[in-house]
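One-letter residues, chain by chain:
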Amino acid sequence: MKRALIVGGANGIGLGIATELAKRNEIEKVYIVDKSEVLDEFSNPKFESFQFDLTSEDYSIFDRFQDVDTLMITAGFGRLQLFRDMDESMIQNYFSVNTIPALRIIKKFYGKLEKSDSDFYCGVMVSISGFMTSPFFSVYSATKAALKVFIESVNVELIKSGSCNQILNVSPGSLRGTSFNAGKTDLDTLAPMANEIIEHLEKKDDLFIPQYDEVFKNVLERYHKDFRAEGIHSYEYKIKSGRVK
């Protein structure tokens, strides 16, 4: 890894990954593309930031980053809300930020991914909610489920093309220290997770579910055994957690 592009890197886990990469001597530059600016308190001499709205039609901004060998897409948003309470316009907003940009950006760099003799490290922040029934996150989960299947499908195409590269699906539950759901970015809290993600990128893994053995193995087993019962359990858990406003 020498030059990295972090889409959605102005805060949260994206900023955490950018910051941990910048600490490495071999990293020359970390490009950050985000709708928001990187706050002065998080600035780094290796950062070069570009403000861009992922809902834009013109994605030519990404043509300028063909010198990178690492791409991490972390942009996305979501909040707990029943589908009946969601404004219809939010449905398109969710897909326009959480799903379509990842597909369009990966398409821009597909030539690098497909090369059989050149390392390209690529990852996308997805979500464990893309693997299962997730009430209060119905549309958010749909955007993430679409990403999950897209990544799995393209990875098979890469294998069959002879490429040595894979797209990493990072699918956590809730992450402490992020700005997701109106939180505040805490880089010290995020650093261990950011470094784990970087390690999986370097190994060219295709899936990383944090806390899989401790938490999500059992959750996914319950889901596959009876998705209706697990959906009801998830609904009641979210109500009891106090996260639903």
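A brief look at the structure comes next.

Right, let's talk about the packing of aromatic side chains for a bit. Enumeration according to the criterion identifies 11 aromatic pairs in this entry. Taken together, a centroid distance of 5.3 Å and an interplanar angle of 85° make the contact between F52 and Y59 edge-to-face. Like Y59, F52 is buried. Taken together, Y31, F50, F52, Y59, F62 and F65 form an aromatic cluster joined through their ring pairs.

Okay, the environment of H224 next. Locating H224 in the fold gives a position in helix α7 (residues 212-225). The sequence separation of H224 and L15 amounts to 209 residues, and the corresponding C-alpha distance is 34 Å.

The strand order across the open sheet built from seven strands is β3-β2-β1-β4-β5-β6-β7, with neighbouring strands paired in parallel fashion. Edge positions in the sheet fall to β3 (47-51) and β7 (207-208), since each has one partner strand and no second. Two strands pair when backbone bridges link them, and strand β1 (residues 3-7) and strand β2 (residues 29-34) are joined in this way by five bridges, in the parallel orientation. The residue of β2 that forms the bridge with R3 is K29. The sheet strands contacting helix α3 (residues 100-108) are β1, β4 (70-73), β5 (121-125) and β6 (167-170), and the helix crosses β4 at an angle near 170°. Each of β4, β5, β6 and β7 is contacted by helix α6 (residues 187-202), which is oriented at about 135° to β5, the strand it contacts most.

About the cut-offs
- Residues numbered from 1 in each chain as written.
- Predicted model: local features only at pLDDT ≥ 70, side-chain atom pairs only at ≥ 80, totals over all residues.
- Heavy atoms only, no water.
- Phe/Tyr/Trp six-rings, centres within 6.5 Å; stacked < 30°, edge-to-face > 60°.
- Buried < 20%, exposed > 50% of the residue type's maximum accessible area, 1.4 Å probe, protein only.
- Helix = DSSP H or I, 4+ residues; strand = E, 2+ residues; numbered from the N terminus.
- Pairing = 2+ DSSP bridges.
- Contact = heavy atoms within 4.5 Å.
- Axes fitted to C-alpha atoms, helices over the stretch in contact; angles between N-to-C directions.

Read these as spatial facts, not as claims about activity.
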